[in-house]
Amino acid sequence: ALINPSTILTVANTNSSDVMMSAIELKMNTFENKVVDIMRCREQDQRVIKELQMSQEENRMEIQRLKLAREGDRGLIRELQMAHEEDHDIICELRDSMKNNERQQLLFMSKAVNSLSRIFKRR
């Protein structure tokens, strides 16, 4: 295997403390980049959490609105049931009144027929 001389890195006139500092700086830069990435992810997570909290609050408000609507519906149903019962009572009273009127009319007619028959018998 031949080695291309242009790919060989040589460190000339450097002492080992300079190389150590470069390695430490490289590690620090890598660490800083990781910290920045973590902070970006955290900010994004916080935005998502805030959006979810807002959505959760909207859902709570919608649930409350639906509960109120349901209570309103229950109240309306109660009112309709009461009105139905009142209507039923009125219908029963009207039927009874009609039956009494019919009885009175029949009684009146039968008395009229009896009176007429007595009149015709006399003649």
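Residues numbered from 1 in each chain as written. Predicted model: local features only at pLDDT ≥ 70, side-chain atom pairs only at ≥ 80, totals over all residues. Heavy atoms only, no water.

Enquirer: Explanation requested: the overall build of the protein chain in the structure shown.
Expert: Along the protein chain, the regular secondary structure elements total 1 helix and 0 strands. Here the protein chain holds 123 residues, and 1% of them are scored as buried. Carbon and sulfur atoms make up 59% of the accessible area of the protein chain, which amounts to about 12300 Å² in all. (Helix = DSSP H or I, 4+ residues; strand = E, 2+ residues; numbered from the N terminus. Buried < 20%, exposed > 50% of the residue type's maximum accessible area, 1.4 Å probe, protein only. Areas by Shrake-Rupley, 256 points an atom, 1.4 Å probe, with all protein chains shown as cover.)

Enquirer: I tried to follow a negative patch on the surface on my own but got confused; where do I start?
Expert: Together, Glu 85, Glu 86, Asp 87, Asp 89, Glu 93 and Asp 96 line one region of the surface with negative charge. Following the sequence through the fold, Asp 87 ends up in helix H1 (residues 16-122). (Patch = residues over 30% accessible without salt bridge, like charges linked within 9 Å, V, L, I, M, F, W, Y side chains within 5 Å. Salt bridge = Lys/Arg side-chain N within 4 Å of Asp/Glu carboxyl O. Lys, Arg positive; Asp, Glu negative; His and termini not counted. Charge placed at Lys NZ, Arg CZ, Asp CG, Glu CD.)

Enquirer: Any chance you could explain a nonpolar patch on the surface here in plain terms?
Expert: On the surface, Met 21, Ile 24 and Met 28 cluster together into a nonpolar patch covering about 290 Å² of accessible area. When you line up the elements, Ile 24 lands in helix H1.

Enquirer: Can you help me understand the pattern of salt bridges in this one?
Expert: Note on pairing: side chains with opposite charge can pair once their charged atoms come close. For the coordinates displayed, the defined rule picks out 4 salt bridges. Glu 62 is the salt-bridge partner of Arg 65, the closest N and O atoms lying 2.6 Å from each other. Placement of the pair is Arg 65 and Glu 62 together in helix H1, with a separation of 3 residues, close to one helical turn. Overall, Arg 65 belongs to the partly exposed group, its relative accessible area being 46%. In this structure, Glu 71 engages Arg 74 in a salt bridge whose closest nitrogen and oxygen atoms are separated by 2.9 Å. One end of the pair is Glu 71 and the other is Arg 74, both in helix H1 and 3 residues apart, which spans about a single turn.

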